[in-house]
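Results of the structural survey
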Amino acid sequence: MSTKGKSRRSFLIQSAGSLNAAWIAAHYHDILSAQQYASKSDLGGAPPKLAFFTAEQAAEIEAMADQIIPTDDTPGAKEARCLYFIDRALTTFAKKSQSVYTQGLVDLQAKTQQLYPNAGKFSALTSEQQIKVLTEIEKTPFFNLVRMHTVIGFFARPENGGNHDKVGWQLIGYDGSLNHKAPFGYYDAEYLKMSANRGGKI
Amino acid sequence: MKQYKPSQEVDYIIIGSGAAGGIMAKQLSTAGFSVVILEQGGWGKFGREQEYNKDEWLQRNLSDDDRLMSNPQTQRNTYRKTDKEKAVAGNHSYGCVVGGGTVTYGSSSWRHLPYEFHEASYDQTIPSGTGMADWPITYEELEPYYTQAEWETGISGLRVNSPFVAPMSKDYPVPPMPLKSSGALMKTAASKMGLTVVPGPLAIISEDYMGRKACVNCGICSGYGCQVRARSSSAVTVIPVAVKTGRCELRVKSYVREITVDNSGRATGVVYFDAQKREVHQKAKNVILSANGTESARLLLLSKSARFPDGLANSNGVVGKYVMFGNGASASALFEHPLNEYKGVISGAGIVDYVPSDPKRGFYGGGRMTARGYLTPLELGLNGLSPGSARWGVAYKKALREEANHRMTITCFVTQLPLETNRVDLDPDVKDDWGLPAMRITSSAHPDDVKNMEFFRQKSIEVLETAGAKKVWAPKVSESHGGAHNRGSCRMGNDPKTSVVDKFHKAHDVPNLFVVDGSNLVTGGRNHPTMTIQALAFRAAEHIIREAKNGTRRA
């Protein structure tokens, strides 16, 4: 898996699926610090202070994350505090992605202006308009990086700084327990019932 | 732990501490010999396994100190399909820690079947021109050592009487792991299709055994170290016994670059790089190479000398040839009710009816279909939804909710024909981080292998549909060219012209060098090599000890 001759951006996108271990290994201590930070920050009720984004940038990123995993009758990226996971990531293990975000936000603004000349900011658009803008940029490295970080922030163990109150896990019925007893699911439970009724062995 | 000086000639150096190396160390040290194990990886959480991390985010981001697998960025390797191509950067990786691949593997512990030792002689479906050959030993000769391996390491499973499963002289020491929903669905399909489902034999204990606690079904399984020591890895079974004898020293971060020989052609020890990349020459009366099915061949090829200009034990040019990696096929499906596959061990039940090759299918090949694979939350979220699913937005979130826990995957482990042209050698251009020639893998699947994989892909789809799946999909089959199931590159045989080691693992060319690991496998089985490697190791150790004790060889 050589990264030679490829831009950092495309490398990051390429690794979105596998989260290239070697790349992140180099940032391990940052990750640890992010984790320690997170475990301190996520204990209390209030979200932590922003370390990288300005308030304006944060509003844009949060709006994006909110479209990637929207809040409906169940919590989304906002309730999972994905913004804060991303913010911390950009000052720790994903420091090298800062410029992707900074430039990406400029491009987002330009795209917003292009489609909706009268709108001020992406975050000020209606939900339908935001979806239109994101659909236009969904193939860009910037969007894919925000998606990756949002998804990680939504599903990683809460100690890692996202998945606040385990809302990500609740969505998918995962409880984070490391100790389970059979039956595990519907079909094995049914099978056990059936074979018990037959009085037979499994 | 006992410590030896490099200048002290120990009885045995063992290179590698995995499935075979751990067993060799235990058998030799308990028999009274002095042993030094050289492991290129780190300690892992040896002796404090409860510290293994179960955090999937951190697991993807391990520091070099916490790695459990080799790192292709430093332990560089290259790959090409044929001799005509220039090799490109490869991603071959394998267990690399005290305990080797047994620390993280899915733990499948199938035996080879009796006929897999002499398929070449009798199986009419084998195409001509392949490297299929008979083993120099029979199943009957190896059977007692399978039993020994199962009982000394701790394997859970069910002894069944079936033509598709190897016959056993004794039950497994502990019963099989609980049936999962995937296994129950397989049974549903199998009863309609007339197929046989058996619980997978696993190196994971279902009950407390030999001082270790039973598996708690945590679900963070293959790829992770086991926190409760329920996975019967070398690191929690045989190696602690070896260390406790006071005769076995285990050195980590020890990267061997050469097996040294004297003028008479006997091995005298090894030269390795320690953690600071300083060269150390450890002397020994005998060398046992258990570095895995690719690295053992590479190390022999690296060990060039005036007497062995083409590499050690390679006077016939066979070292590195016939390497096999691990063909497979898979299909996944969604079902109406939750399966919660993330709970419990990764490898569940298996359909075994297609293990034998069948002339009616029109090609050589067989394999096992196993219920295997689940998605952790991050895997599901990042790229785990069924094909065509939305990647963000309301539809993405809906798909997450609907598909989570409703999915099962069938992973098939199938045959691979050994071919002389598939091999491990030294890359002429690329070096690893130690300045040694990188491993170069040349590998192409035989057309029958591809047909076989496609057969299993289709069969997996059929099983899932018959089980009542709502949606089924199956990735295209692709040939393997790296990975932990590597084997075959130092095959055993009676003929010194066509094999690297004899039936007791002794190099034909070097009287005090033994190769004991997956590289010895003449045929790859149905791509579940570990149990056979372990049985071979127990058998090899017994012979090596006997030879030393009766004075045939110095130790």
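Residues numbered from 1 in each chain as written. Chains lettered and ligands numbered in written order. Predicted model: local features only at pLDDT ≥ 70, side-chain atom pairs only at ≥ 80, totals over all residues.

Quick notes on the overall build of chain A
What chain A contains, in helices and strands, is 11 helices and 0 strands. Counting the 202 residues in chain A, one finds 41% classified as buried. Within chain A, contacts between residues at least 6 apart in sequence are counted, and of these 63% link residues at least 24 apart. (Helix = DSSP H or I, 4+ residues; strand = E, 2+ residues; numbered from the N terminus. Buried ≥ 20, exposed ≤ 12 C-beta atoms within 10 Å, placed from the backbone. Contact = placed C-beta atoms within 7 Å.)

Notes on the overall build of chain B
Along the backbone of chain B there are 11 helices and 17 strands. Here the C-alpha atoms of chain B give a radius of gyration of 23 Å, agreeing with the 24 Å that 2.2 N^0.38 yields for 555 residues. With respect to the three principal axes, the spread of C-alpha positions in chain B is 70 × 50 × 50 Å. Taking as baseline every contact in chain B between residues at least 6 positions apart, the subset at least 24 positions apart corresponds to 74%. (Rg over C-alpha atoms; globule rule 2.2 N^0.38 Å.)

Some details on the confidence of the model for chain B
Averaged over every residue, the pLDDT of chain B is 96; residues scoring 70 or more account for 100%. For this predicted complex, the interface confidence comes out at an ipTM of 0.94, alongside a pTM of 0.93. (pLDDT = per-residue confidence, 0-100.)

Some thoughts on the interface of chain A and chain B
Taken together, the contact pairs 46 residues of chain A with 49 residues of chain B. Of all the elements in the fold, those that place two or more residues in the side of chain A that touches chain B are α2 (21–25), α3 (28–41), α4 (55–68), α9 (141–155), α10 (167–172) and α11 (186–197) of chain A. Sort the elements by how many residues they give to the side of chain A that touches chain B and α9 of chain A lands first, with 6 residues. Class assignment for the residues of the side of chain A that touches chain B results in 30 nonpolar, 10 polar and 6 charged. (Nonpolar A, V, L, I, M, F, W, Y, C, P; charged D, E, K, R; others polar.)

Things to note about the packing of helix α4 (residues 139–154) of chain B against helix α11 (residues 530–549) of chain B
All names here are of chain B. Remark: α4 packs on α11, axes separated minimally by 8 Å, with the N-to-C direction vectors making an angle of 105°. Taken together, the axis directions place α4 and α11 in an arrangement best described as roughly perpendicular. Between α4 and α11, the residues in contact are Leu142, Tyr145, Tyr146, Gln148, Ala149 and Thr153 and Met531, Gln534, Ala535, Phe538 and Arg539, respectively. Residues of the contact of α4 with α11, tallied by class, amount to 7 nonpolar, 3 polar and 1 charged. (Axes fitted to C-alpha atoms, helices over the stretch in contact; angles between N-to-C directions. Parallel < 35°, antiparallel > 145°, perpendicular 65-115°, else oblique.)

Details of the confidence of the model for chain A
Residues and elements named next belong to chain A. Per-residue confidence for chain A gives a mean pLDDT of 83; residues scoring 70 or more make up 76%. Looking over chain A, one finds the lowest element-wise mean pLDDT in helix α1 (residues 8–14), namely 33, and the highest in helix α8 (residues 127–137), namely 98. Overall, residues 1–28 carries pLDDT values under 50, and its contacts beyond four positions in sequence, including any with other chains, amount to 40 contacts.

Brief notes about the sheet that holds strand β15 (residues 437–442) of chain B
Residue and element names in this part refer to chain B. Taken together, the 4 strands give an open sheet; going across it, the order is β4-β3-β15-β14, and neighbouring strands pair in mixed fashion. Every other strand in the sheet has two partners, leaving β4 (88–89) and β14 (423–431) as the edge strands with one partner each. Relative to β15, strand β3 (residues 77–80) is paired through 4 bridges, and the arrangement is parallel. Of the residues in β15, the one forming a bridge with tyrosine 79 is isoleucine 441. (Pairing = 2+ DSSP bridges.)

Things to note about the nonpolar core
Residue and element names in this part refer to chain B. Counting 96 residues, the largest nonpolar core has Ile13 and Val35 as the members making the most contacts within it. Here the element with the most residues in this core is α11; it accounts for 10 residues. Once residues lying within four places of it in the same chain are set aside, the contact partners of isoleucine 13 are Val36, Leu38, Gly269, Val270, Gln282, Ala284, Val287 and Ile288. (Core = buried A, V, L, I, M, F, W, Y, C linked by C-beta atoms within 7 Å.)

A closer look at the pairing of β14 of chain B
Residue and element names in this part refer to chain B. Bridging between β14 and β15 involves 5 bridges; their strand directions are antiparallel. Each residue of the ladder has a partner; that of arginine 423, found in β15, is threonine 442. Once β14 ends, the chain turns through 5 residues before running back antiparallel as β15, passing glycine 435 with a positive phi of about 80°.

What to know about the sheet that holds strand β5 (residues 197–198) of chain B
All names here are of chain B. In space, the 6 strands of this open sheet follow the order β5-β11-β12-β13-β10-β16, with antiparallel pairing throughout. Each edge of the open sheet is held by one strand with a lone partner, namely β5 and β16 (471–473). Pairing analysis gives 3 bridges linking strand β11 (residues 347–351) to strand β12 (residues 367–372), with the strands arranged antiparallel. Among the inter-strand pairings, isoleucine 351 is bridged to a residue of β12, identified as methionine 369. Running over the sheet, helix α10 (residues 447–466) touches β10 (328–334), β11, β12, β13 (407–414) and β16 and is turned about 20° from β10.

Considering unusual backbone geometry
Note that the residue after alanine 182 of chain A, namely proline 183 of chain A, is joined by a cis bond; omega there is 0°. Here proline 183 of chain A shows up in the loop between α10 and α11. Non-glycine residue asparagine 527 of chain B carries a positive phi angle of around 60°. Locating asparagine 527 of chain B in the fold gives a position in the loop between β17 (513–515) and α11. Of the residues examined, asparagine 527 of chain B has 22 C-beta atoms within 10 Å and is grouped as buried.

Side note on the pairing of strand β7 (residues 255–261) of chain B
Residue and element names in this part refer to chain B. Both β7 and strand β8 (residues 267–273) contribute to a ladder of 6 bridges, which runs antiparallel. Bridge pairing in β8 links isoleucine 259 to valine 270. Between β7 and the antiparallel strand that follows it, β8, lie 5 residues; glycine 265 among them carries a positive phi value of about 90°.

Observations regarding helix α9 (residues 393–403) of chain B
By the burial criterion, the buried members of α9 of chain B are Tyr396, Lys397 and Leu400 of chain B. Taken around the axis of α9 of chain B, the buried residues stretch over an arc of 95°, which confines them to a single face. On its buried face, α9 of chain B sits against α10 of chain A together with α8 (377–383) of chain B. (Arc of directions from axis to C-beta.)

Here's the deal with α9 of chain A
Residues separated by three or four positions in an α-helix point in the same direction, a consequence of the helix having 3.6 residues per turn. When the terminal C-alpha atoms of α9 of chain A are compared, their 21 Å separation across 15 residues agrees well with the 21 Å that a helix rising 1.5 Å per residue should span. α9 of chain A sits mainly inside the fold: 15 of its 15 residues count as buried. (Expected span 1.5 Å × (residues − 1).)

A closer look at the packing of α4 of chain A against α9 of chain A
Residue and element names in this part refer to chain A. Closest axis-to-axis distance for the α4/α9 pair is 10 Å, and the angle between their directions is 70°. One element, α4, and the other, α9, form an angle in the roughly perpendicular class. The segment α4 lies against α9, with Ile61, Met64, Ala65 and Ile68 engaging Val146, Arg147 and Thr150. Of the residues that constitute the contact of α4 with α9, the class distribution is 5 nonpolar, 1 polar and 1 charged.

Describing the environment of serine 305 of chain B
Along the chain, the position of serine 305 of chain B falls in the loop between α7 (295–302) and β10. Residues serine 305 of chain B and asparagine 263 of chain B, spaced 42 residues apart in sequence, show a C-alpha to C-alpha distance of 9.8 Å.

Describing the environment of histidine 485 of chain B
Residues and elements named next belong to chain B. Looking at where histidine 485 falls in the secondary structure, it is placed in the loop between β16 and β17. Among the residues examined, histidine 485 registers 25 C-beta atoms within 10 Å and is labelled buried. With 327 residues separating them in the primary sequence, histidine 485 and leucine 158 have C-alpha atoms 24 Å apart. Excluding anything up to four places from it in sequence, histidine 485 contacts Phe325, Gly326, Asn527 and Pro529.

A few points about the environment of valine 241 of chain B
Within the secondary structure, valine 241 of chain B sits in helix α6 (residues 238–244). As a C-alpha pair, valine 241 of chain B and asparagine 512 of chain B span 271 residues in sequence and 25 Å in three-dimensional space.

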